[in-house]
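# Residue-level structure breakdown
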Amino acid sequence: MIRYKKKVSEYSAGCEIDMTPMIDVVFQLIIFFIVTINMEQNYKKEIVLEDAKNAPVIKNPHPMTLVIEVDKRGWISLHGAQVTTTQLRALVQRRYNSVGEFPVLIRGDRDARHKDIRKVMDICSGVGLWKINFAAVKERKT
Amino acid sequence: MKKSKLRKGEAAKLEMTPMIDVVFQLLIFFIVTLKQEDILSHLDVWRPAPDSRPPPETPEDLLTITIYKDGYVLKGRRVSLQELDRQLTRLAGFSKSISVIIKCTADSPHKHLVRVLDVCAKCDLRNLSVFSM
């Protein structure tokens, strides 16, 4: 402490703050945000959800939730990767065998036919998952 | 190095302007590209086993809504969404525990189902089952 004070009085005219650690930290933060932003948005962009203003909002969704997307052509996908019904059934069955019951969220396009939604629901109920969630938009931001 | 410079009285000045420029550019880029996410709501339903038939209807505590490609049918009568809303609000006033059976035809769009589920959520009806026809 004493030494520090002495230094300040001695070199007060030319004393500069070392910027290097701050720049390091700022770049670390920027890189962190770039990486996490890209990780987050891995749902199909083309799916338009229907509005449901009265439905409850789930603040903290269950971490094991399986999100199944059905677009308006009836194609089923998981995190943007298209799957067939056979693959989906095998996947849901495997997951059920390893972790037990888990919530299922169906992101169905507003113009998807019910017969395609039905395929997904039948797979889930066939495995033993009776509870199914449908995603809808509570409040549009864009 | 630094010490000797300071002794001579020359301030080791770090050029801040380009860095601040770049940081502001990045900041503006992120503000512009930041897309507000829509707030999602979840509608949960019960799905019976694939091959089970709907249970026989008992009028007192079971309500059947059928969804067709172009509309809704409640208790054998064609209704609009507003009419359905009114009817369900009235029925939910008597009892919140009534079971609602929603039957969907194969070619009905998904939005009709979501709208019906939304009306049910508004009326605080929780016991919802979806059947396919």
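Shown above is the structure to which this text applies.
I will try to describe carefully the structure that is included in this document. (Residues numbered from 1 in each chain as written. Chains lettered and ligands numbered in written order. Predicted model: local features only at pLDDT ≥ 70, side-chain atom pairs only at ≥ 80, totals over all residues.)

Attention shifts here to the overall build of chain B. In terms of helices and strands, chain B carries four helices and six strands. Start at the N end of chain B and walk to the C end: the helices and strands fall as α-α-β-β-β-β-α-β-α-β. Counting all 133 residues of chain B, 23% fall into the buried class. Considering only intrachain contacts with a sequence separation of at least 6, the fraction spanning at least 24 residues in chain B is 80%. (Helix = DSSP H or I, 4+ residues; strand = E, 2+ residues; numbered from the N terminus. Buried ≥ 20, exposed ≤ 12 C-beta atoms within 10 Å, placed from the backbone. Contact = placed C-beta atoms within 7 Å.)

Moving on, we get to the packing of helix α3 (residues 81-94) of chain B against helix α4 (residues 110-122) of chain B. Residues and elements named next belong to chain B. Close contact between α3 and α4 brings their axes to 10 Å; oriented N to C, the two are set at 30 degrees. Here α3 lies roughly parallel to α4, going by the angle between them. Pair α3 / α4 crosses with right-handed handedness. Packed against α3, whose contacting residues are Leu81, Leu84, Asp85 and Leu88, the element α4 presents Arg115, Val119 and Cys120 at the interface. Classifying every residue of the contact of α3 with α4 by side-chain character gives five nonpolar, no polar and two charged. (Axes fitted to C-alpha atoms, helices over the stretch in contact; angles between N-to-C directions. Parallel < 35°, antiparallel > 145°, perpendicular 65-115°, else oblique. Left-handed = near helix turned anticlockwise from the far one by under 90°. Nonpolar A, V, L, I, M, F, W, Y, C, P; charged D, E, K, R; others polar.)

With that settled, the discussion passes to the environment of B:Tyr72. All names here are of chain B. Mapped onto the elements, Tyr72 comes out in strand β3 (residues 71-74). A residue is classified by how many C-beta atoms lie within 10 Å of it, and Tyr72, with 21 of them, is buried. With 32 residues separating them in the primary sequence, Tyr72 and Cys104 have C-alpha atoms 9.5 Å apart. When residues no more than four places from it in sequence are discounted, the contact partners of Tyr72 are Ile65, Ile67, Val79, Leu81, Leu84 and Val116.

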